[in-house]
Amino acid sequence: MPSPPVADLPVAVRALVGTRLGDTARVSVWAGEPGGAAWFTREPDAQHYAASTMKLPLLVAAYRRAERGELDLDRPVPVHNAHRSAYDGSVFSLEQDDDQDDETWDRLGSEVDLRTLARHAVVRSGNLATDLLLEHVGTPEVAAVLRDAGCSAATVLPRGIGDAVAREHRLDNLVTAADLARVIGGVAARTLARADTCEAVEAVLARQEHREQVPAGLPEGTYVANKTGWVDGVAHDVALVRPDHGPPYVLAVCTTAEADEQTLYAVNAAVSRAVWEARPA
């Protein structure tokens, strides 16, 4: 596919989505200035199941509470696998086979500092690390991050990972591409917290180990700080891209479709490549 100018991106993206996923797929895209206006969107306000993209505002929330002196990120906390449901307080547990972070599981019964849990929740997308961090940060603080970023009512993150009871009672984690872009854009523009706090959050995101989506569509060596999310039929990525030449930009791609994981990753990488080639100078 030839490199499209921005004006041709809707046609180019529609073509690659239709060819690879068919007409029933929901693929949402927001690309634009960090903390500013979009220069390309496709269904940016459509709701998607959040999967692990919920860990982005959780990371911001943890660092903001630390900035205010309410949380010591270097404080060790117990590592356990008994979590309270956001719906009724009932106890649920996670399965290690569904996680990507064996290191946190290896620490069950001991202690790990919150900073390490925050890093593992994001760069390894660790589910146990996420729920342990959320226990100390709280969903109200995550909601405050969404509010301060200017997110719409379509994005709600009321529960942790694996909280089946809450999900069965419609307390579900939902996002839009536009709102994910607002959150990472607020980090990049240094408006969601103090500049040093936002820099620390971005540094964590830049260590991301899951690079199969937006980063895979960029030239090798391009700086990108991102957070992915995936479950069956869902693959998302929200990224801050800082080219060596040209202005930085934010790209959020949320894809929900009946396709295998690798196909979804490839589509999002192809969208990333098209956006890279068409980005404003």
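Below, the structure is looked at part by part. (Residues numbered from 1 in each chain as written. Predicted model: local features only at pLDDT ≥ 70, side-chain atom pairs only at ≥ 80, totals over all residues. Heavy atoms only, no water.)

1. What about the environment of Glu70?
- Inspection of the secondary structure puts Glu70 in the loop between α2 (55-67) and β4 (76-78).
- Sequence separation of Glu70 and Asn268 is 198 residues, and the distance between their C-alpha atoms is 38 Å.
- A distance of 3.0 Å separates the side chain of Glu70 from the side chain of Arg68, its partner in a polar contact. (Helix = DSSP H or I, 4+ residues; strand = E, 2+ residues; numbered from the N terminus. Polar contact = N/O pair within 3.5 Å; in protein donor to acceptor, adjacent residues only side chain to side chain.)

2. Thoughts on the layout of surface pockets
- Its volume calculated, the largest pocket comes out at about 470 Å³.
- Lining the largest pocket we find 19 residues, and of these Asp98, Asn127, Ile161, Gly162 and Val231 sit closest to its centre.
- Elements represented by at least two residues in the lining of the largest pocket include exactly α7 (164-168) and β9 (223-231).
- Size it by volume and the second largest pocket reaches roughly 240 Å³.
- Lining the second largest pocket we find 13 residues, and of these Arg84, Asp131, Leu134, Glu135 and Gly160 sit closest to its centre.
- When contributions to the lining of the second largest pocket are tallied by element, the ones reaching two or more residues are β5 (83-84) and α5 (127-137).
- For the lining of the second largest pocket, the element with the most residues is α5, which contributes 3 residues.
- Taken together, the residues that form the lining of the second largest pocket break down as 5 nonpolar, 3 polar and 5 charged. (1 Å grid on protein atoms, 1.4 Å probe; cavity = no way out; pocket = protein on both sides within 12 Å on 5 of 7 lines; lining within 4 Å. Points joined across faces, edges and corners; volume = space filled by probe spheres on them. Nonpolar A, V, L, I, M, F, W, Y, C, P; charged D, E, K, R; others polar.)

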